[in-house]
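Fold and contact review
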Amino acid sequence: MEFAGIIAEYDPFHNGHAQQLRMLRAAGVETIAVCMSNGAVQRGGFPLLPGPVRVRAALQAGADIVVALPAPYACLGAEGFAAAGVALLTALGCDVLAFGAEDPDADRLMQAAELVDSKELSHLLPRFLGQGKPFAAARAAAAEALQPGMGQLLSQPNNILGVEYCKAILRQGSHMRPFPLPRLAAGHNTGQTGTVQGRKVASASYLRELTWSAGLESALEYVPGPAAELYRTAAERGELLDTDKFSVAVLSRLRGCSREQLACVRGLSEGLENRLYSAIRQAGSTGELYTLLKTKRYPHARLRRLVLDAAMAVTPDRVPETPPFLHVLGARRDSLSVLRYAGLPAATSLSDLARTSPQAKQFAELYGQFTDLSALCRRKPMPAGLAFTSKPVLL
């Protein structure tokens, strides 16, 4: 293996992420590219830390180049999130796609990807959806009915995303090979903590909650030393996300939307736009809004993504099927040479990328709008236009 890619949010970058980079080096990887969420995150919100802070943390820990997984791809469900990341890393020229999994068996994960994309499963799926199960649970049940044992595999969060990566590789005919790595000590999206090689590890979601409930210092024992210093500096500058400001910003945009405008938003269907329209007029916070929208059919994470899409007026015509360019957020200078062989326009300047095509221009504007709203939701609001004006992080 020479060139490995990782799709990540690094929100925040922590010891578990650093361990993954070390594992890739130990496996013989020469160059590591990270496709990192920028402008939004998959849970339907904004990152705890601004993009440049997360980029520098990754580069200091051993990554070689970081490109954006730009909003609004970054706030898609697992299938869309994975498809966008795979398209970008394939265009960058990566040989393998590395990711954590509860079951780090590449052949079995590819087998699961073929199963979930099969006609047999698509025919069986409505039966389980009709029982009121959320999509992920219904798909796992259908997979179990077709191939016993697959239901358990598809019930684990990292496996689910790993299968989506594999499915995207198959659908896109990507030359990349999946390279799953075991998830160590701390489970995804849990409060579980542990120790790996003498370093404390915890999930990013746990560290975000710890930061909001007990302060940033309480989370820093779980991150590499250089990253901890970056996070302290960011906090001193007022760059951490302010969830109250996020709530007000999102609701203020939503309250100006008509039913007709909401009906055009990406992913809103089955009359959910009417439910959203009514809930917007009652909710005093995004937390209340999610509660008012919650149904057995729609998981909380999907509702958060739909709300953010509605606030940003994301309609299908504004988002190409896959990202139209590679926005380089940072790199080690000696790794920039990999861009010579990229299969998409690649640059550190979003302004330059916006000039590559009319489609790229329209998309760059939307990407910039996400970044602007994220900048406004900091403890000390940051200026607009950062997607276009921020300098890349170069080491």
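Residues numbered from 1 in each chain as written. Predicted model: local features only at pLDDT ≥ 70, side-chain atom pairs only at ≥ 80, totals over all residues. Heavy atoms only, no water.

**So, the packing of helix α3 (residues 78-92) against helix α8 (residues 157-172)**
Put simply, the rule reads: For every element, the axis is a line fit to its C-alpha atoms; helices are fit only across the contacting stretch, and the angle between N-to-C directions ranges from 0 to 180 degrees. Secondary structure is summarised from DSSP: a helix means a run of H or I of at least four residues, a strand means a run of E of at least two, and numbering begins at the N terminus for each. An angle below 35 degrees is treated as roughly parallel, one above 145 as roughly antiparallel, one from 65 to 115 as roughly perpendicular, and anything else as oblique. Handedness of a crossing follows from how the near helix is turned relative to the far one, being left-handed for an anticlockwise turn of less than a right angle and right-handed for a clockwise one. Whether two residues touch is decided by their heavy atoms; if any such pair falls within 4.5 Å, the residues are in contact. Ten residues, namely Ala, Val, Leu, Ile, Met, Phe, Trp, Tyr, Cys and Pro, are considered nonpolar, four, namely Asp, Glu, Lys and Arg, are considered charged, and the remaining ones, Gly among them, are considered polar.
α8 packs onto α3 with a crossing angle of 55° between their chain directions and a minimal axis gap of 8 Å. As summarised for this structure, α3 and α8 are arranged oblique, according to the angle between their axes. Where α3 crosses over α8, the two elements pack in a sense that is right-handed. Listed contacts from α8 to Ala78, Glu79, Phe81, Ala82, Ala83, Val86 and Ala87 of α3 are Leu161, Glu164, Tyr165, Lys167, Ala168, Ile169, Arg171 and Gln172. Of the residues that constitute the contact of α3 with α8, the class distribution is 10 nonpolar, one polar and four charged.

**Details of the state of the cysteines**
Heads up, the rule is: In what follows, a disulfide is any cysteine sulfur pair within 2.5 Å. Under the scheme applied here, a residue whose accessible area is under 20% of the maximum for its type counts as buried, over 50% as exposed, and between as partly exposed, the area being computed with a 1.4 Å probe on protein chains only.
Following the criterion strictly, the structure yields zero disulfides and no others. Of the cysteine sulfurs around Cys75, a residue in no disulfide, the closest is that of Cys377, at 14 Å. Judged by relative accessible area, Cys75 falls into the buried class, the value being 2%. With no disulfide of its own, Cys257 lies closest to Cys264 among cysteine sulfurs, the gap being 11 Å. For Cys257, a relative accessible area of 12% corresponds to the buried category.

**Let's talk about the packing of aromatic side chains**
Counted only if it meets this: For Phe, Tyr and Trp, rings pair up if their centres lie within 6.5 Å, where Trp contributes its six-membered ring, and each pair is then called stacked (planes under 30 degrees apart), edge-to-face (over 60) or tilted (otherwise).
All told, the structure shown has seven aromatic pairs when counted by the stated rule. Taking the centre distance of 5.4 Å and the plane angle of 90° together, the rings of Phe46 and Phe246 count as edge-to-face. Taken together, the residues Phe46 in the loop between β2 (31-38) and α2 (51-60) and Phe246 in helix α11 (residues 243-254) connect sequence positions 200 residues apart. According to the relative accessible area criterion, Phe46 is buried, its value standing at 1%. By relative accessible area, which is 7% here, Phe246 ends up buried. On the basis of an interplanar angle of 55° and a centroid distance of 5.4 Å, the ring pair of Phe99 and Tyr165 is categorised as tilted. Here Tyr165 lies in helix α8 and Phe99 lies in strand β4 (residues 96-101), a separation of 66 residues in the sequence. Per residue, the accessibility class of Phe99 equals that of Tyr165, and both read buried. The rings of Tyr73, Phe325, Phe363 and Tyr367 are connected pair by pair, giving a single aromatic cluster.

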